[in-house]
Amino acid sequence: MRIGLQLGYGRDFRKDAAHVAELEKAGLDLVSVAEAYSFDAVSQLGYLAARTERLELTSGIMQLYSRTPTLTAMTAAGLDYVSKGRFTLGLGASGPQVVEGFHGLRYDAPLGRTRETIEICRQVWRRERVSYSGRHYQVPLPAEAGTGLGKPLKLINHPVRERIPVSVAAIGPKNVALVAEVAEGWEPIFFHPEKAHEVWGESLAAGRAKRSPELGELDISVGIHVAFTENEVELETFLDEVRPQLALYIGGMGARGKNFYHDLACRYGYEDAARSIQDAYLAGRKKEAAAAVPDDLVRAISLIGPSAFIEERLAALRAAGVTAIKAHLLSPEHAAQIAAVERLTELAA
């Protein structure tokens, strides 16, 4: 199991980058940079490419709607070039609140757009003259839709790899089936190893039945909060740090009836708690929403506690098919974070 680090928003990125370089020496395997409606992930990944030597660099995630498929392909090829073949393209559809609210674009057909974007990217990376006639993207633009001067072009540069790995964030049944069919990797959020098969097993099986052998085995990478502690009071403090994020996603990351994360909590079996979280969050009672997050859910999707407990949870993740974790290190102390990466590397070996 590979050990990675998830960089969040609103932090001192230059300080984080220096820290990542140290964690690389401690055994870190990959680093993922988020985007949402913060600074773009691309500029930060380019910076990290210059500061690191062997880390896999991943966009976690780059949004489908805000870039054309060919721009996405160009950007991925550029990051793969400056990192000497260390980039993985993490893609995701995001949600209507961000796509329509921040980018001013219509949020439609996430499955179709995901498939078509990946197919176009792979044409670009193979340096084919891009000619694609899909339901959502037409390249070149049809003559009747523009000036009529567009013609198929191929990427000027020669990419380091003609097959840059693609990993897709997805949690809906149809989305997960698509990912298992067409992508190298899958990035589920709030991954509960004991419930994963029940929730996603059929979707993964359906996608894998159509999967091309050349894609290899599906890489499953999960973001997860991490803190090693033997102290019960400290443990509870760390668990309480996780609750607000869960409350935000389950309660507020989408409107009532249109919240993918709320739906996931319900599929995990937490319907009553999910309803309470959403009711409180949408009413502006954020502390109440966080307090309503079930303790066993927080513990199940986190790696917080003594080494023996974390070793057991890593085994459960591995048994559920997880091949990489992207840690959100909760300890604020620099030395503790380095020690956590070193210990995770030992336990995951």
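Since this is a predicted model, take the numbers as computed values, not measurements.

Cut-offs and rules
Residues numbered from 1 in each chain as written. Predicted model: local features only at pLDDT ≥ 70, side-chain atom pairs only at ≥ 80, totals over all residues. Heavy atoms only, no water. Phe/Tyr/Trp six-rings, centres within 6.5 Å; stacked < 30°, edge-to-face > 60°. Helix = DSSP H or I, 4+ residues; strand = E, 2+ residues; numbered from the N terminus. Buried < 20%, exposed > 50% of the residue type's maximum accessible area, 1.4 Å probe, protein only. Polar contact = N/O pair within 3.5 Å; in protein donor to acceptor, adjacent residues only side chain to side chain. Contact = heavy atoms within 4.5 Å. Pairing = 2+ DSSP bridges. Right-handed = clockwise from strand over helix to strand, strands pointing away. Patch = residues over 30% accessible without salt bridge, like charges linked within 9 Å, V, L, I, M, F, W, Y side chains within 5 Å. Areas by Shrake-Rupley, 256 points an atom, 1.4 Å probe, with all protein chains shown as cover. Salt bridge = Lys/Arg side-chain N within 4 Å of Asp/Glu carboxyl O.

1. So, the packing of aromatic side chains
Throughout the structure, instances matching the rule amount to 10 aromatic pairs. An aromatic cluster is defined as three or more aromatic residues linked by ring pairs; in this entry it consists of Trp186, Phe191, Trp200 and Tyr268.

2. With respect to the side chain of Glu56
Checked against the element boundaries, Glu56 lands in strand S3 (residues 56–59). Classification of Glu56 by relative accessible area gives buried; the value is 18%. Within the structure, the side chain of Glu56 is placed 3.2 Å from the side chain of Arg2, a separation counted as a polar contact. Non-local contacts of Glu56, meaning those with residues more than four positions away in its chain, are made with Arg2, Asp29, Leu30, Val31, Arg86 and Thr88.

3. Looking at the pairing of S3
Side chains Glu56 and Thr58 of S3 all project onto a buried face; the interleaved residues Leu57 and Ser59 project onto the opposite face, where all are buried too. Note that strand S2 (residues 30–33) and S3 share four bridges and pair parallel. Residue pairing in the sheet places Val31 in a bridge with Leu57 of S3. In this fold, the crossover linking S2 to S3 by way of helix H2 (residues 41–51) has right-handed handedness. Note: S3 against strand S5 (residues 87–92), two bridges, orientation parallel. Looking at S5, one finds that Thr58 is bridged to Thr88.

4. As for the environment of Lys25
Examined against the element boundaries, Lys25 turns out to sit in helix H1 (residues 13–25). Counting along the chain gives 27 residues from Lys25 to Thr52, while the straight-line C-alpha distance between them is 9.6 Å.

5. Considering a nonpolar patch on the surface
Judged by side-chain polarity, Tyr81, Val82 and Val160 come together as a nonpolar surface patch covering roughly 300 Å² of accessible area. Relative to the helices and strands, Tyr81 is located in helix H3 (residues 69–82). Overall, the relative accessible area of 58% leaves Tyr81 in the exposed class.

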